[in-house]
Amino acid sequence: MGGRIIEVHLNTLSRASSVKLLQNCSHKTLLEDDAVENLVSKCGNHPLSLKVIAGHLQSGFTVPEVASQLDRLPRQPEFSQRLQEMFTALPEQLQGILIKLSVFRTWFDAEAAADVIGCHRVDMKFELHYLKCRHLIEQDDWGQFTRSEPSRPSPQEARYSLHTLTRFFLQDNRTPPMAALYIQAEHNFVKLFWKRLEKIGKLAETNSLDALAQIDDNRVHLEQCLDLLIREGAVPDVSKTKRFHKQYSVCMTWELFLDISKRLKFCQNVAERALKQGNRRSYCFYKAMEAEQLVAKFQYGKAIQMLQKPFAILGELESVDQEEKNSMKLVKALLHYVKAHALGCMQKNGDALSEIKTSLQQCKSVSGNSYFAARLVNQQGAIYMNMGKYMESLDCHLNAYEILKKSAASDLLLDVPTYLMNIGTGYSEMGKDVRQQKPLEAIKHFEKAIDYYDRSLSTEKRLHMDEYIKTALTLKNKAMAYCHLHRLSEGLRMAEQSLTIRRKYLPQNPDVCRGLIFVAQIHYDMGREKQKSGDVGSVEEFQQAERYFGEAAEMEVSGRPDEGFPTVDYEALKHEYLDVLKRLCKNDELQRRKKIFMDFDRKVEKRSVSPRKQSESSQSEESTSGSSSNEEAEDEQQTHTGC
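Note that the coordinates shown come from a computational prediction; the quantities given were computed from them, not determined experimentally. Per chain, residues are indexed from 1 in the order of the written sequence. The predicted nature of this model means local features are confined to residues of pLDDT at least 70 and side-chain atom pairs, given and counted, to a pLDDT of 80 or more, with totals for whole chains, interfaces and linings taken over all residues. Heavy atoms throughout the structure, all of them, feed into the side-chain values; hydrogens and water do not.

A. Quick look at the packing of helix 23 (residues 469-484) against helix 25 (residues 510-532). Between the N-to-C directions of two axes lies an angle of 0 to 180 degrees, each axis being a line fitted to C-alpha atoms and, for a helix, fitted only over the stretch in contact. Numbered from the N terminus, helices here are DSSP runs of H or I no shorter than four residues, and strands are runs of E no shorter than two. Interaxial distance between helix 23 and helix 25 falls to 12 Å at its minimum, and their mutual angle equals 20°. As the angle between them shows, helix 23 and helix 25 are arranged roughly parallel. Regarding helix 23 and helix 25, the two cross each other, and that crossing is left-handed. Judged by residue contacts, K476, A479, M480 and C483 of helix 23 engage R514, G515, F518 and I522 from helix 25. In this count, Pro and Cys sit with the nonpolar residues alongside Ala, Val, Leu, Ile, Met, Phe, Trp and Tyr, while Asp, Glu, Lys and Arg are called charged and the others, Gly among them, polar. For the contact of helix 23 with helix 25, a count of residues per class yields five nonpolar, one polar and two charged. Each angle is binned into one of four classes, with values under 35 degrees roughly parallel, values over 145 roughly antiparallel, values of 65 to 115 roughly perpendicular, and all other values oblique. Crossings are sorted by hand: turned counterclockwise from the far helix by less than a right angle, the near helix makes the crossing left-handed, and turned clockwise it makes it right-handed. Contacts are assigned to residue pairs with any non-hydrogen atoms lying within 4.5 Å of each other.

Structure below.
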């Protein structure tokens, strides 16, 4: 249900339940009590066995015939043989329909079945009813009980699925003619669900809550559609402005249900097919999207290198059609945007700013308010943030948020939580910038930051996107704002929630290491404050700091998956961890840790200098003690959708 495949382990039934199931499923066949008991016993009270036998009886086989076949096996029927007999008993047209229906991995409705089979919806309902009566497919009426609004029923109708046994049988017993029917069904399936994905992408730009619901309902089929398109199929077209935005919306939507490796593979294969077919504009589009996935995998140099060929191809393309010229500008804007993203992650901020300005110039000359334009402005804000130009950064993030509001008149959009978080971080950075000279003004900035973080978290919850990776980032940034206001207890609670989420979804990731350091630093600061006031509770705070620092130190020197380079918080970790051990009078552990850090530092010095991986969002994170530097740019998926 809900588009997901859920494995359910069926236990054997009681004798009474087995008898009732067989009688209900075989209601057209008059069965005597002794006959029912005999069949139930031979099926071992197993529900799937009973359903297959019921379908066999519905197909016209007599009880003695079924019972004699069951006698050949001690506990279970010969499923394959029984299904073969049931399949052979079907009219030839229904055999073909059943073969085509086996393309569905999970539920389907009559409309989807009609599109895949290639018949009218009304005719499809009769065929499905016939197959259901033969117990070759299941019917699920859950759609009749769902509500799109509290006051009216959902338009969704009953849904169907093939028995697992039936699907396996059909996969293993395809004759060449049946295999041809199945291939035809796959083509129809891809055509149907690619259109659905395009519609969901368009819907996500105005009503992301409904789009998320449709993704949830169609998740298995959408993933299957993309898997099939990786192998073969028509290359999506971006030759017109509307088609560009449609395909970009699809790419925006798949961030919600497809992992990076699958997105990367899809872009690679589609780009290669586009080039073979001479569709150079689509090739450039999908190479840009492929490079964007590489940025998300921290492969910045490779991403920039990949963009060279698309840039060269677009420079050679000529068109007299204005629409094609406009779409070419948008593809160029996409290429410059991805390059800016990669350069920003490498801290080459001057070059990144130049690229994003070029991207915005290309985009604004064609289209104004759009999801794509908002993302470009948001990226510009991230670059300004890295350059320390906090006012310009805040203006960009506010502008990106306003673009979305103008285009959709709603806050329930996929990127809104991220943009609200970015605005909050802009205010937080401005507060840090003036806290020494203008402390009262700084307090107002931090309070505004907390308000925007709360709005971001609230919007995530309304979109059912909460308690995931971007939530952890927002919680950590909110915790830092609390710490700047010297509300350490509240900050500690937020930081611990953030760390819990990161442990769940990012095991052995640099973000977990940084989260550990952050929690330790809050305990460290609380311990120092209590020690100054003579509070004996300082010892407990230092002990908690030691525990978190120790775990982070182990990850830094041995367990991090990024070629052994330390995080940007490593120097703060060394200084503060050793100070905690000194305050706790753990001299032996202090000397041991010093040696471990010295050995690790020597190893790092021997490694060649290369751009450090950066794993957080474009929004900064810092230590409460002010000794660590800001976190840098995070991957595209979290920068935009927080999924």
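Back to the text.
B. Structural view of the pairing of strand 5 (residues 159-162). In the sheet, strand 1 (residues 108-109) pairs with strand 5 via two bridges, with the strands oriented antiparallel. Note on strand 5: the bridge partner recorded for D109 is R159. Strand pairing follows a simple DSSP-based rule, namely that at least 2 bridges must link the two strands.

C. Local environment of the pattern of salt bridges. What makes a salt bridge here is a side-chain nitrogen of Lys or Arg within 4 Å of a carboxyl oxygen of Asp or Glu, nothing more. In total, this model carries 29 salt bridges according to the counting rule given. E316 serves as the salt-bridge partner of R280, at 3.6 Å between the closest nitrogen and oxygen. One end of the pair, R280, is in helix 14 (residues 280-296); the other, E316, is in helix 16 (residues 308-316), with 36 residues separating them in the sequence. On the basis of relative accessibility, which here comes to 31%, the residue R280 falls in the partly exposed class. Residue exposure (1.4 Å probe, protein chains only): buried if accessible area is under 20% of the type maximum, exposed if over 50%, otherwise partly exposed. Accessibility expressed as a relative area gives 54% for E316, which makes it exposed. A salt bridge links E355 to K339, with the shortest nitrogen-to-oxygen separation between them at 3.6 Å. Taken together, the residues E355 in helix 18 (residues 349-364) and K339 in helix 17 (residues 322-345) connect sequence positions 16 residues apart. A relative accessible area of 23% means that K339 is categorised as partly exposed.

D. Spotlight on the packing of helix 11 (residues 208-231) against helix 13 (residues 260-276). Running from N to C, helix 11 and helix 13 cross one another at 40°; their axes reach a closest spacing of 8 Å. As the angle between them shows, helix 11 and helix 13 are arranged oblique. Of the two elements, helix 11 crosses helix 13, and the hand of that crossing is left-handed. Across the interface between the two elements, E223, L226, L229, I230 and R231 from helix 11 touch K262, K265, F266, N269 and R273 from helix 13. Its residues placed into classes, the contact of helix 11 with helix 13 shows four nonpolar, one polar and five charged.

E. Focus on the nonpolar core. By nonpolar core we mean a set of buried residues, namely Ala, Val, Leu, Ile, Met, Phe, Trp, Tyr and Cys, connected to one another through side-chain atoms within 4.5 Å. Counting residues in hydrophobic clusters, the biggest one holds 183 residues, and the most contacted among them are L101, W254 and L334. The element that contributes the greatest number of residues to this core is helix 17, accounting for 12 residues. L101 has contacts with F108, A113, I117, L128, L131 and L162, leaving out every residue within four places of it along the chain. Within the second largest apolar cluster, 15 residues are counted, among which are C43, A54, V63 and A67.

F. Layout of unusual backbone geometry. In the Ramachandran plot, Q347 falls in the positive-phi region, its phi being about 65° despite a non-glycine side chain. Here Q347 shows up in the loop between helix 17 and helix 18. The class for Q347 is partly exposed, based on a relative accessible area of 32%. Although it is not a glycine, C585 adopts a positive phi angle of roughly 60°. With respect to the helices and strands, the residue C585 is situated in the loop between helix 27 (570-583) and helix 28 (587-606).

G. Representation of the sheet that holds strand 5 in the model. Reading across the sheet, the three strands line up as 1-5-2 and stay open at both edges, with antiparallel pairing between neighbours. Looking at which strands have only one partner, the edges of the open sheet turn out to be strand 1 and strand 2 (137-140). Across four bridges, strand 2 lies against strand 5 in antiparallel orientation. Paired with D140 across the two strands is R159, which belongs to strand 5.

H. Summary view of the packing of aromatic side chains. Each aromatic pair joins two rings of Phe, Tyr and Trp (for Trp, the six-membered one) with centres within 6.5 Å, and gets the label stacked for planes under 30 degrees apart, edge-to-face for over 60, and tilted for any other angle. Across all of its chains, the model carries 22 aromatic pairs by this definition. With a centroid separation of 6.4 Å and 80° between ring planes, the pair formed by Y337 and F372 is classed as edge-to-face. Taken as a pair, Y337 in helix 17 and F372 in helix 19 (residues 371-386) lie far apart in primary sequence, 35 residues in all. In this pair, the class of Y337 matches that of F372, namely buried. An aromatic cluster of three or more residues is present, and its members are W194, F244, Y248, W254, F266, F285, Y286, Y337 and F372. Above the plane of the ring of Y130 lies R134, whose end atom (NZ or CZ) is 4.5 Å from the centre. Working rule: Lys NZ or Arg CZ, within 6 Å of ring centre, within 35 degrees of ring normal, means a charge sits over the ring. When the ring centre of Y548 is taken as origin, the NZ or CZ atom of R547, which lies over that ring, is 4.4 Å away.

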